[in-house]
Amino acid sequence: MENGLYPLATVKMVEYLIDIAYRKGIQTIFTTHSNDALRVLPSKAIWAIENGVARQGKLDVNMLRSISGNVDSELAVFVEDVFAKYWIEAVIRAHHPARGDSVGVYNIGGDSKALSTHIAHSINPAASLTSICYLDGDASVEANASKKVYKLPGQSPETYIYDKVKDEIREFKARLAIAMHLSSADQDRVEIAVEEVRRTNRDHHLLFRQLGDKLGYLSGNVVSGAFISTWIEIYPEEAKVIYLPIKETLQKFD
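This is a predicted model, so every value here is computed, not measured. (Residues numbered from 1 in each chain as written. Predicted model: local features only at pLDDT ≥ 70, side-chain atom pairs only at ≥ 80, totals over all residues. Heavy atoms only, no water.)

Novice: Explanation requested: the pattern of salt bridges in the structure shown.
Specialist: When charged atoms on two side chains of opposite charge get close, those side chains can pair. Tallied over the entire structure, the rule returns 13 salt bridges. Taking the shortest distance from any N to any O, the salt bridge between Glu-238 and Lys-164 comes out at 3.0 Å. A residue pair is termed long-range when its members are at least 10 positions apart, and Glu-238 in helix α11 (residues 236-251) and Lys-164 in helix α6 (residues 157-167) qualify at 74 residues. Given a relative accessible area of 24%, Glu-238 falls into the partly exposed group. Overlapping salt bridges bring together Arg-170, Lys-173, Asp-188 and Glu-191 as one network. (Salt bridge = Lys/Arg side-chain N within 4 Å of Asp/Glu carboxyl O. Helix = DSSP H or I, 4+ residues; strand = E, 2+ residues; numbered from the N terminus. Buried < 20%, exposed > 50% of the residue type's maximum accessible area, 1.4 Å probe, protein only.)

What follows is the structure, encoded as structure tokens:
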């Protein structure tokens, strides 16, 4: 139904259908290949078929395309959440920016979903590209290189990156401030805020948003991106270890 519509028009149309559903007590069923159409829908309203199995919840249409092989990438990387996606994408850009288009990184939403999607992709005869899976450190499943299942360092990606940068904050506070679109003159304020937020934080998923608010309502995405890029600069060898499975897989296509 989104054919011929601009992305914003697609969003507005779905919002209109939701409004009608609430006002008139009706239900509308439609099929789509548009992430824009899915964006405003609640999770319970979205169903997808993967290998003959229906599942409910938010998803990325590009991820579904990767399962069937209907993408231009050579490698699909499945991860648990959006922060892990940004982390892996930054590592790829740092080590092999020319191959960025060869790798699709997909946030699946949870360790069990990421793993099951990777396994389903691996056994799908219609899938023409290889996949690997990165799980968070606290996932109950063990890493298994033979099955292309790996684990990111630390218990949670957000806490790991935040704490590793915090450990070196005195030396890299100016770099971090500039990466967050602040001035180098703000570096001391950044150092104090980083320490204060870590002491008071109770939910690691909110670390970067809380720091952004404390520094003047900066976007959480900007803050997390700054921390990831600074971490890569401080710990290049750790970044190489994460990138190695991707590198080795891509070399098969060279």
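The structure having been displayed, the exposition proceeds.
Novice: Before we go on, may I ask you to explain the nonpolar core in this structure?
Specialist: Soluble globular proteins: nonpolar side chains tend toward being buried together. Among the nonpolar cores identified, the biggest contains 49 residues, and Val-77, Trp-87, Ile-88, Tyr-134, Phe-227, Trp-231 and Ile-246 are the most heavily contacted of them. Listed in part, the 11 residues of the second largest apolar core include Ala-76, Ile-108, Ala-114 and Val-149. (Core = buried A, V, L, I, M, F, W, Y, C linked by side-chain atoms within 4.5 Å.)

Novice: How do you make sense of the packing of helix α9 (residues 207-214) against helix α10 (residues 220-234) when you look at a structure like this?
Specialist: When two helices pack together, their arrangement is captured by the angle between the axes and the distance separating the axes. Put simply, α9 and α10 touch, their axes get as near as 8 Å, and they point 110° apart. As judged from the angle between their axes, α9 and α10 are roughly perpendicular. For the pair α9 and α10, contact is made by Phe-208, Arg-209, Leu-211 and Gly-212 and by Gly-220, Val-223, Ser-224 and Phe-227, respectively. (Axes fitted to C-alpha atoms, helices over the stretch in contact; angles between N-to-C directions. Parallel < 35°, antiparallel > 145°, perpendicular 65-115°, else oblique. Contact = heavy atoms within 4.5 Å.)

Novice: Got a minute to help me understand the environment of Asp-136 in this structure?
Specialist: Structurally, Asp-136 can be placed in the loop between β5 (130-135) and β6 (149-151). Sequence-wise, Asp-136 and Phe-30 are 106 residues apart; in three dimensions their C-alpha atoms are separated by 35 Å. Setting aside anything within four residues of it in sequence, one finds Asp-136 in contact with Glu-80, Asp-81, Ala-84, Lys-151, Leu-152, Gln-155 and Pro-157.

Novice: Can you walk me through the sheet that holds strand β3 (residues 75-79) in this structure?
Specialist: Strand pairs in the sheet, formed through backbone hydrogen bonds, run parallel or antiparallel to each other. The strand order across the open sheet built from four strands is β4-β3-β5-β6, with neighbouring strands paired in parallel fashion. The sheet terminates laterally at β4 (103-107) and β6, the two strands that pair on one side only. Taking each pair of neighbouring strands and ignoring which way they run, the sheet shows an average axis angle of 25°. Sheet analysis places β3 next to β5, joined by five bridges and oriented parallel. Paired with Ala-76 across the two strands is Ser-131, which belongs to β5. Along the sheet, helix α4 (residues 82-95) makes contact with β3, β4 and β5, crossing β4 at roughly 165°. (Pairing = 2+ DSSP bridges.)

Read these as spatial facts, not as claims about activity.
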